[in-house]
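# Residue-level structure breakdown
As a plain string of letters, each chain reads:
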Amino acid sequence: MCGIVGCKGNMDLRKYLINGLKDLDYRGYDSAGIAFILKEKINVYKFKGTVENLESKIPNHIDSDIGIGHTRWATHGVPNDTNAHPHLSFHQHFAIVHNGVIENYKDIKDELIQQGFEFKSETDSEAIVNLIEYYYLQNNDVLKSLFLIGQKLKGSFAIALLHESEPDKLYFYKQASPLLIGVSNDFNLLASDAAPMIKLTKKFIDLEDGQYGYLTSTNQFLFCNGRPIDIVYSNKEPELLVKDLNGYPHFMLKEIEEIDIVIKRIMNHYFYEDKFHFDSKLIEAINECDHVTFIACGTSYHASLIGARYFESLEKNTSVFIASEWAYYPKFLGNKTLYIMLSQSGETADSIRCMQMLSKLGAPILVVTNTKGSTMERNATYSLLLYAGLEVAVASTKAYSAMITTLALLCEACKNNIDVIDDLNNVCKSIRKIYFQKEQILQIARQIKNSPDVFFLGRGYDYEMSLEASLKLKEISYIHSEGVPGGELKHGPIALIDKNVPVIVFISDKIVALSMRGNIKEVESRGAKTFIISSRSLKHEGDAFVVDDTPIYLSPLLKSIFAFYLAYFVSLEKGLNVDKPRNLAKAVTVE
Ligand code: G6P
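### Points about the overall build of the protein chain
A tally of regular secondary structure across the protein chain gives 18 helices and 27 strands. Here the C-alpha radius of gyration of the protein chain, 25 Å, is about what a compact globule of 591 residues would show, namely 25 Å. Along the first, second and third principal axes, the C-alpha atoms of the protein chain reach 75 × 50 × 45 Å. Burial status across the protein chain gives 60% buried among its 591 residues. A separation of at least 24 residues holds for 72% of the contacts in the protein chain among residues at least 6 apart in sequence. Summing over all exposed atoms, the protein chain offers an accessible surface of approximately 23100 Å²; the carbon and sulfur share of this is 48%. Each charge sign in the protein chain was given a centre, from 63 positive and 72 negative side chains, and these centres are 3 Å apart.

Printed below as a string of structure tokens:
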């Protein structure tokens, strides 16, 4: 989703804005633009298309020390040059970049049109910059105008703002969309996440909702509700945030092949000196709750399904909800419920909405996220970091594995079962073996790449993993696919099976292996080409891919490596954009 960058001070502005936008491009976008102040005039360059396209059209040298930039993921209005950000205000005193959605922008636009303002774009963002200008023309005070927009706008808005007659101040506002400030001695930066800034500074300000202010070259000024507030600085770990392909052709491949390292890193954080190291209050909260409710989106929802099984092994009742569903149809299952929210980004709007509803009720929330300082992490009762490093490919891989690993460790810590460490070490070895067998998965990818539909079958953990395998394939290969529980096949999906539909079957659990072999016969007798992915002790001759045996609760960590590679190779074979699939965004910061 939209990405914002901004800078003020002694630095190479062109380089920061362009490279910063490239660092944010993994979030997904369709147009890009920058604005800067030169001789008290705001210059804007914005185009539909890539940051590289923008780069080729802007001056080679920009003699300014204040600027903003944006990658837009269209919500209001088609992707075109006019709707691209930055947007100038009607009288051209201000330029804005915005991430979020303004729910009442139509009313504001109508009111401003009555006041003589004219609009050029179809965006909600233009209403913000014109509203600021409207207030400013009355009160001659940008800070006051920012305070006033905070009262008036409904929705989410992280903004960076230039004022043509104040080239010494880079203004900003954060409300329900991500925005961070990067601090240095003679320049200050802002961006939607740390990736663009981490090469230049380790010192950050994680803005809270409702905070606004401005940056000068050497200082930061922060306000909330019309009053100055004290600034809290934080440090971030550069090695986990740098966006670097490290010789790989795609981020997705690199991220798949980091999974063993990520699992080890998580183990090192939560288990050392022969002991688990989790917040004792969290363990107490788990011991005391009757019910665990997971709420998440996308891949994080699929990891939650696995996590719920872990909590069932602690004899908890569990439920798992999709955040955008729970937000409108919430279910409260008793006072002794612990809510667990998984989110790679920690900024997913649907999940944040649920969190806000729960926080109002004072419910305990454990957030498991890869993003330190994210909105969800900061507002959680308890939080666990995933230490997976920056995940750039839109299709999530290592974050899924990291979530499963972290939840497995947490639940085994509650049982004080340190065998999980040996189990995970063995899983890492088995994962590395799969890295060396990926050529076999490429061969399978070649056989399914032209199919219109693909089915994934499994039972138990394999079923939940099938959902993720299917999501991964459809996200980056654009092949329609479904994950189906083996037993449900005959209740509907089998009607779609014929010789054109490959069926990929996972067999990890002895107790359902026979039933799964029965399902295979059912689809094969309808002409389907099957690919069986089994665990070593359950393998039959002719199985397409065999992985090592592992305790069943960790099997998703192994089978998912197969699934990730499969999606990757199909996308690659089809000549598609593996890392940036069409229409999708990495961090979905609008509802
Ligand atoms: C988007 C991403 C998915 C991700 C989902 C939830 O749809 O493309 O990869 O699983 O958001 O994101 P979260 O950051 O909350 O895990």
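Having seen the structure, we can now continue with the description.
### Focus on the sheet that holds strand E4 (residues 66-72)
The strand order across the open sheet formed by eight strands is E3-E2-E4-E1-E10-E9-E11-E15, and the pairing between neighbours is antiparallel. Bordering the open sheet on either side are strand E3 (41-48) and strand E15 (234-235), each of which pairs with just one other strand. Across two bridges, strand E11 (residues 203-206) lies against E15 in antiparallel orientation. Each residue of the ladder has a partner; that of Lys 203, found in E15, is Asn 235. Lying on the sheet, helix H1 (residues 13-24) is in contact with strand E1 (3-9), strand E2 (31-38), E4 and strand E10 (187-191); it crosses E1 at an angle near 160°.

### Quick notes on the environment of Ser 359
Mapped onto the elements, Ser 359 comes out in helix H11 (residues 349-360). Since its relative accessible area comes to 38%, Ser 359 is described here as partly exposed.

### Notes on the environment of Ile 229
Topologically, Ile 229 is positioned in the loop between strand E14 (227-228) and E15. Residue Ile 229 is classed as partly exposed on the basis of its relative accessible area of 27%. Separated by 16 residues in sequence, Ile 229 and Gly 213 have C-alpha atoms that sit 9.9 Å apart.

### Remarks on unusual backbone geometry
Cis geometry marks the peptide bond from His 85 to Pro 86, where omega comes out at 0°. Looking at where Pro 86 falls in the secondary structure, it is placed in the loop between E4 and strand E5 (87-88). The phi angle at Glu 40 is positive, at roughly 55°, despite the residue not being glycine. Looking at the secondary structure, you find Glu 40 in the loop between E2 and E3.

### Things to note about the site of the ligand
Surrounding the ligand, one finds 13 residues, the nearest of these being Ser 300, Ser 343, Gln 344, Ser 345 and Thr 348. Contact between the ligand and Gln 344: an oxygen atom at 2.7 Å from a main-chain N or O atom of the residue. Between Ser 345 and the ligand, the recorded distance is 2.6 Å, taken from a side-chain N or O atom to an oxygen atom. Relative to its unbound accessible surface of 390 Å², the ligand loses 90% to contact with the protein. Here the ligand occupies the largest pocket. Sorting elements by how many residues they give to the shell around the ligand places helix H9 (residues 298-312) first, with three residues. Split into classes, the residues belonging to the shell around the ligand amount to four nonpolar, eight polar and one charged.

### Some remarks on the packing of helix H14 (residues 419-436) against helix H18 (residues 555-573)
H18 packs onto H14 with a crossing angle of 25° between their chain directions and a minimal axis gap of 9 Å. By the angle between their axes, H14 is roughly parallel relative to H18. As H14 runs across H18, the sense of the crossing is right-handed. Across the interface between the two elements, Leu 424, Val 427, Ser 430, Ile 431, Ile 434 and Tyr 435 of H14 pack against Leu 557, Leu 558, Ile 561 and Tyr 565 of H18. Residue composition of the contact of H14 with H18, grouped by class: nine nonpolar, one polar and no charged.

### Some thoughts on empty space enclosed by the protein
In this approach a probe as big as a water molecule rolls over the atoms, and the regions it shows empty are the leftover space. Inspection of every chain in the model, using the stated rule, returns two cavities of 30 Å³ or more. Empty space within the largest cavity amounts to approximately 500 Å³. Surrounding the largest cavity, 33 residues form its lining, Leu 241, Asn 370, Thr 371, Lys 372 and Leu 390 being those nearest its centre. A class-by-class count of the residues in the lining of the largest cavity yields 13 nonpolar, ten polar and ten charged. Estimated volume of the second largest cavity: approximately 60 Å³. The wall of the second largest cavity is formed by Cys 2, Arg 72, Trp 73, Ala 74, Thr 75, His 76, His 85, His 98, Gly 100, Thr 123, Asp 124 and Ser 125. Of the residues that constitute the lining of the second largest cavity, the class distribution is three nonpolar, seven polar and two charged.

### Remarks on the nonpolar core
Grouped together as the largest cluster of nonpolar side chains are 100 residues, with contacts concentrated most on Tyr 310, Phe 311, Leu 409, Ile 504 and Leu 566. In terms of residue count, H18 provides more of this core than any other element does, twelve residues in total. With sequence-adjacent residues up to four places away left out, Tyr 310 is seen in contact with Ile 404, Leu 407, Ala 408, Cys 411, Tyr 461, Tyr 553 and Leu 554.

### Notes on the packing of helix H8 (residues 280-288) against helix H13 (residues 398-415)
The interhelical angle for the contact between H8 and H13, taken along N-to-C directions, is 75°, at an axis separation of 10 Å. Accordingly, the angle class assigned to the pair H8 and H13 is roughly perpendicular. In this structure, H8 uses Leu 282, Ile 283 and Ile 286 to contact H13, whose residues at the interface are Leu 410, Ala 413 and Cys 414. Of the residues contributing to the contact of H8 with H13, the split by class is six nonpolar, no polar and no charged.

The rules behind the values
- Residues numbered from 1 in each chain as written.
- Predicted model: local features only at pLDDT ≥ 70, side-chain atom pairs only at ≥ 80, totals over all residues.
- Heavy atoms only, no water.
- Helix = DSSP H or I, 4+ residues; strand = E, 2+ residues; numbered from the N terminus.
- Rg over C-alpha atoms; globule rule 2.2 N^0.38 Å.
- Buried < 20%, exposed > 50% of the residue type's maximum accessible area, 1.4 Å probe, protein only.
- Contact = heavy atoms within 4.5 Å.
- Areas by Shrake-Rupley, 256 points an atom, 1.4 Å probe, with all protein chains shown as cover.
- Lys, Arg positive; Asp, Glu negative; His and termini not counted.
- Charge placed at Lys NZ, Arg CZ, Asp CG, Glu CD.
- Pairing = 2+ DSSP bridges.
- Axes fitted to C-alpha atoms, helices over the stretch in contact; angles between N-to-C directions.
- Near = heavy atom within 4 Å.
- Polar contact = N/O pair within 3.5 Å; in protein donor to acceptor, adjacent residues only side chain to side chain.
- 1 Å grid on protein atoms, 1.4 Å probe; cavity = no way out; pocket = protein on both sides within 12 Å on 5 of 7 lines; lining within 4 Å.
- Sits in = over half its atoms within 2 Å of the grid points.
- Nonpolar A, V, L, I, M, F, W, Y, C, P; charged D, E, K, R; others polar.
- Parallel < 35°, antiparallel > 145°, perpendicular 65-115°, else oblique.
- Left-handed = near helix turned anticlockwise from the far one by under 90°.
- Points joined across faces, edges and corners; volume = space filled by probe spheres on them.
- Core = buried A, V, L, I, M, F, W, Y, C linked by side-chain atoms within 4.5 Å.

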